[in-house]
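One-letter residues, chain by chain:
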Amino acid sequence: MLKFIALAGIAAILSFSISCETEEVADTSTFGLIQSRILTPSCAIPSCHASGKDATFVQHQLILAKGSAYDQLVNVVSFNTAAKTDGLKRVKPGDAENSFLVHKLHRDGSHHVGAYGNPMPLGLDKLTLGQLEFIEEWINAGAPRTGEVADAKLLDDKTRDEVCKTIANSLLRAIAT
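These numbers were taken from a predicted model, which means no experiment stands behind them.

Enquirer: Outline unusual backbone geometry, listing residues and values.
Expert: Here the amide bond leading from Met120 into Pro121 is cis, since omega sits at -5°, within 30 degrees of zero. Mapped onto the secondary structure, Pro121 falls in the loop between helix H6 (100–105) and helix H7 (129–140). A positive phi is found at Gln61, a non-glycine position, where the angle reads about 55°. By secondary structure assignment, the location of Gln61 is in the loop between helix H3 (57–60) and helix H4 (69–73).

Enquirer: An account of the pattern of salt bridges is requested, with residue identities and associated values reported.
Expert: Under the definition given, this model contains 2 salt bridges. Between Asp71 and Arg145 there is a salt bridge, with its nearest N and O atoms 2.5 Å apart. Taken as a pair, Asp71 in helix H4 and Arg145 in the loop between H7 and helix H8 (162–176) lie far apart in primary sequence, 74 residues in all. What makes Arg145 partly exposed here is its relative accessible area of 41%. Put simply, Lys92 and Asp95 hold a salt bridge, and the shortest N to O gap is 3.6 Å.

Enquirer: Any details on H7? Residues and values, ideally.
Expert: Helix length check: H7, at 12 residues, gives a terminal C-alpha distance of 16 Å against a target of 16 Å (1.5 Å per residue), a fit within 8%. All of the buried residues along H7 are Leu129, Gly130, Gln131, Leu132, Phe134, Ile135, Trp138 and Ile139. Following H7 by one or two positions, Gly142 has its phi on the positive side, about 105°.

Enquirer: Any chance you could break down the packing of aromatic side chains for me, citing the residues and the numbers?
Expert: In the structure shown here, the tally under the stated rule is 4 aromatic pairs. Judged by centre distance (6.4 Å) and plane angle (65°), the rings of Tyr70 and Trp138 are edge-to-face. With a gap of 68 residues between them, Tyr70 in helix H4 and Trp138 in helix H7 connect regions that are remote in the sequence. A relative accessible area of 1% places Trp138 in the buried class. Joined through ring pairs, the aromatic side chains of Phe31, Tyr70 and Trp138 make up one cluster.

Enquirer: Break down the confidence of the model for the protein chain for me, citing the residues and quoting the values.
Expert: Overall, the prediction assigns the protein chain a mean pLDDT of 81, with 72% of residues at 70 or greater. No element of the protein chain has a lower mean pLDDT than helix H1 (residues 2–22), at 43, and none a higher one than H7, at 97. For residues 1–22, every residue scores under 50 in pLDDT, and the model assigns this stretch 0 contacts once sequence neighbours within four places are set aside.

What counts and how
Residues numbered from 1 in each chain as written. Predicted model: local features only at pLDDT ≥ 70, side-chain atom pairs only at ≥ 80, totals over all residues. Heavy atoms only, no water. Helix = DSSP H or I, 4+ residues; strand = E, 2+ residues; numbered from the N terminus. Salt bridge = Lys/Arg side-chain N within 4 Å of Asp/Glu carboxyl O. Buried < 20%, exposed > 50% of the residue type's maximum accessible area, 1.4 Å probe, protein only. Expected span 1.5 Å × (residues − 1). Phe/Tyr/Trp six-rings, centres within 6.5 Å; stacked < 30°, edge-to-face > 60°. pLDDT = per-residue confidence, 0-100. Contact = heavy atoms within 4.5 Å.

Given below as structure tokens:
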């Protein structure tokens, strides 16, 4: 009986440790937040950039699903003909302005969106200014796979338009004076 109780205890401990090992821990690195809060919900969706089976994959050759996105983005020459001609990489570490991803995500006319195809995410709300700035900070910091190099508070900024942000800041300054 004592052996049975000891074996049952060991089995319970092993079962607990195995279940703890299989729980996924949230990735709070800058790229982990980009993946979970931007790429997965806005880009890695069916018929867009979820897998090589998406209808448009042949056009863009880009998978942004967790586990693939980083290797598909960083230091990879764009599949887009105009961007390739201009020498753009999808993400050029240290240089957001010359990263194709930044051009695709901006819809304000200050980037080459027309020459580079449709702005992204296609058919969904554009990214917030905070999301854009977060991505740009990550790229300008060298686009590391791990580590925290951008201010996560930027993701709380839900402003979607530079004009709205300018007006809001002006109003806040006027109220404060």
